[in-house]
Amino acid sequence: MSKSALCFVASLHALLATAPALACDGLVVDEAWVREPPPGAEVAAGYVRLTNRGAAPLAIDAVTSPCCGHVMIHRTEQHGDSLRMVHVDRLALAPGEAVTLAPGGAHLMLMGLAAPLTAGNGVRFSFACGGHATEVRFPVRADAP
């Protein structure tokens, strides 16, 4: 391969490596917040409204954040007199559909907190949809908004 071709390939590779990920087409994330956990806690909960304003179905197949080891989507199920959290692998949204993750129901579970989360600060999240991602900042709050 010629020197100019190698330079072109190297430049293209560098450009692609630094390009931002494409957003999840049609995903709107709002009403986002994280509840401030008690001191010393290793887990926290996040809440958000997710809306598919696109023309095609979409599925959130991963949520990540640098604030913790991993993030899981949980739904709450009633079993007799007790409530149980159940992991959701994928959250599918039809066009026009909205899902609210709220206290007492479905929520984001932040596990293995890297540092204490305190009210007034923010936490970055990335919602992955089929190889694309939407980045969002959640404020940390002491109580529900």
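Residues numbered from 1 in each chain as written. Predicted model: local features only at pLDDT ≥ 70, side-chain atom pairs only at ≥ 80, totals over all residues. Heavy atoms only, no water.

Chemist: Break down the overall build of the protein chain for me, with residues and values.
Modeler: In terms of helices and strands, the protein chain carries one helix and eleven strands. Shown N-terminal to C-terminal, the secondary structure of the protein chain runs as helices and strands in the order α-β-β-β-β-β-β-β-β-β-β-β. Taken across its 145 residues, the protein chain has 35% of its residues classed as buried. At a minimum sequence separation of 6, the contacts of the protein chain that also span at least 24 residues come to 67%. Element-wise, carbon and sulfur atoms account for 59% of the exposed surface of the protein chain, whose accessible area totals about 8,500 Å². (Helix = DSSP H or I, 4+ residues; strand = E, 2+ residues; numbered from the N terminus. Buried < 20%, exposed > 50% of the residue type's maximum accessible area, 1.4 Å probe, protein only. Contact = heavy atoms within 4.5 Å. Areas by Shrake-Rupley, 256 points an atom, 1.4 Å probe, with all protein chains shown as cover.)

Chemist: Give a detailed account of the pattern of salt bridges, specifying residues and quantitative values.
Modeler: This structure, assessed with the given rule, holds two salt bridges. Between R75 and E77 there is a salt bridge, and its shortest N-O distance comes to 2.7 Å. R75 gets classed as partly exposed once you look at its relative accessible area, which sits at 38%. Linking E77 and R84 is a salt bridge whose minimum nitrogen-to-oxygen distance equals 3.7 Å. Beyond isolated ion pairs, a larger network of salt bridges with shared partners links R75, E77 and R84. (Salt bridge = Lys/Arg side-chain N within 4 Å of Asp/Glu carboxyl O.)

Chemist: Could you give an account of the environment of A23, naming the residues involved and the relevant values?
Modeler: Summarising the element assignment, A23 is placed in the loop between α1 (3-18) and β1 (27-35). Measuring from C-alpha to C-alpha, the distance between A23 and T134 comes to 4.6 Å, with 111 residues separating the pair along the chain. If near-sequence neighbours (up to four positions away) are discounted, A23 is found in contact with H132, A133 and T134.

Chemist: I'd like a description of the state of the cysteines, backed by residues and values.
Modeler: The full count for this structure, using the stated rule, is one disulfide. One disulfide in the model links C24 with C129; its S-S distance is 2.3 Å. Because the torsion about its S-S bond is 95°, the bridge between C24 and C129 counts as right-handed. Of this pair, C24 sits in the loop between α1 and β1 while C129 sits in strand β10 (residues 122-129), and the two are 105 residues apart along the sequence. (Disulfide = S-S within 2.5 Å.)

Chemist: Can you explain the environment of H74? Please cite residues and give values.
Modeler: On the secondary structure map, H74 appears in strand β5 (residues 68-79). Residue class for H74 comes out buried when judged on its relative accessible area of 8%. For the pair H74 and M109, spaced 35 residues apart in the sequence, the C-alpha separation amounts to 6.7 Å. Excluding residues within four positions of it along the chain, H74 makes contact with M85, V86, H87, V88, G105, A106, H107, M109 and M111.

Chemist: Describe unusual backbone geometry, and please don't skip the residues or the numbers.
Modeler: Working note: non-glycine residues mostly have negative phi, and peptide bonds are mostly trans. Of note, the phi angle at E31 is positive, near 55°, even though the residue is not glycine. Along the chain, E31 turns up in strand β1. Overall, E31 belongs to the exposed group, its relative accessible area being 55%.

Shape is all these values report; function is a separate question.
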